[in-house]
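Residue-level structural notes
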Amino acid sequence: MSRTSDEMKGVTHLGEKNTQYAADYAPELLETFENKHPDKDYWVKFNCPEFTSLCPITGQPDFATITISYVPERRMVESKSLKLYLFSFRNHGDFHEDVVNIILKDLVRLMEPRYIEVWGKFLPRGGISIDPYTNYGRPGTKYEALAEKRFAEHDLYAMDKVDNR
């Protein structure tokens with residue numbers, strides 16, 4: 001099923017031959033398109049195994065796998081714009097916990113999803129890794145209860161291997 005030009009209105013990065021990468025954090029790069037199945041709950045999951053950002057104190061690079069899972073409503077994030085947005089953190093300094101919360105807030109503001117979660121699995125530096133997790137479920141709906149349940153159970157398998165597939 002192909003997309004019409006109306007459905008893809010506002011999607012500018014997809015198909016662009018000379019992709020421009022932002023030098024710093026750039027939420028304006030995020031774009032959406034229409035969800036063709038708003039009557040159905042389903043998961044969309046993105047894995048970014050090559051995420052990088054900078055420590056705001058030392059300026060050293062931090063490497064992570066960022067996983068974003070969401071249940072869309074009317075709008076969905078376009079994957080190339082998401083890639084460019086995530087790349088924009090490359091020269092941006094923020095703590096790991098801030099990074100996942102910034103990503104979540106930007107995507108909630110952009111798409112108004114039913115449910116979304118962001119999990120950062122950062123590689124160790126100095127012998128310790130940090131794996132912050134955050135989520136959001138639309139208040140007053142079953143997705144709010146889903147967010148509470150998944151938050152409580154998100155780390156039941158704490159020894160999950162970060163494989164950077």
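Going by the structure above, here's the rest.
Notes on the structure follow. (Residues numbered from 1 in each chain as written. Predicted model: local features only at pLDDT ≥ 70, side-chain atom pairs only at ≥ 80, totals over all residues. Heavy atoms only, no water.)

This brings us to the overall build of the chain. Across its full length, the chain holds 3 helices and 6 strands. Along the chain, helices and strands appear, N-terminal first, in the series β-β-β-β-α-α-β-β-α. Counting all 165 residues of the chain, 41% fall into the buried class. The contacts in the chain between residues at least 6 apart in sequence include a share of 68% that link residues at least 24 apart. Of the roughly 9,700 Å² of accessible surface on the chain, 53% is carried by carbon and sulfur atoms. (Helix = DSSP H or I, 4+ residues; strand = E, 2+ residues; numbered from the N terminus. Buried < 20%, exposed > 50% of the residue type's maximum accessible area, 1.4 Å probe, protein only. Contact = heavy atoms within 4.5 Å. Areas by Shrake-Rupley, 256 points an atom, 1.4 Å probe, with all protein chains shown as cover.)

Moving on to the pattern of salt bridges. The tally for this structure, following the rule as stated, stands at 9 salt bridges. In this structure, D41 and R114 form a salt bridge, with 2.7 Å as the shortest nitrogen-oxygen distance. Remark: R114 occurs in the loop between α2 (96-111) and β5 (115-122) and D41 occurs in the loop between β1 (32-34) and β2 (44-54); sequence separation between them is 73 residues. You can call D41 partly exposed: its relative accessible area is 34%. In this structure R114 comes out as buried when scored by relative accessible area, which is 6%. Where K149 meets E153, a salt bridge forms, and the shortest distance between an N and an O atom there is 3.0 Å. Residue K149 and its partner E153 are both found in helix α3 (residues 142-153); the two are separated by 4 residues, about one turn of the helix. Residue K149 is classed as partly exposed on the basis of its relative accessible area, which comes to 48%. Sharing partners across several salt bridges, the network here consists of D41, E73, R114, R138 and K142. (Salt bridge = Lys/Arg side-chain N within 4 Å of Asp/Glu carboxyl O.)

Just geometry here; none of it tells us what the structure is for.
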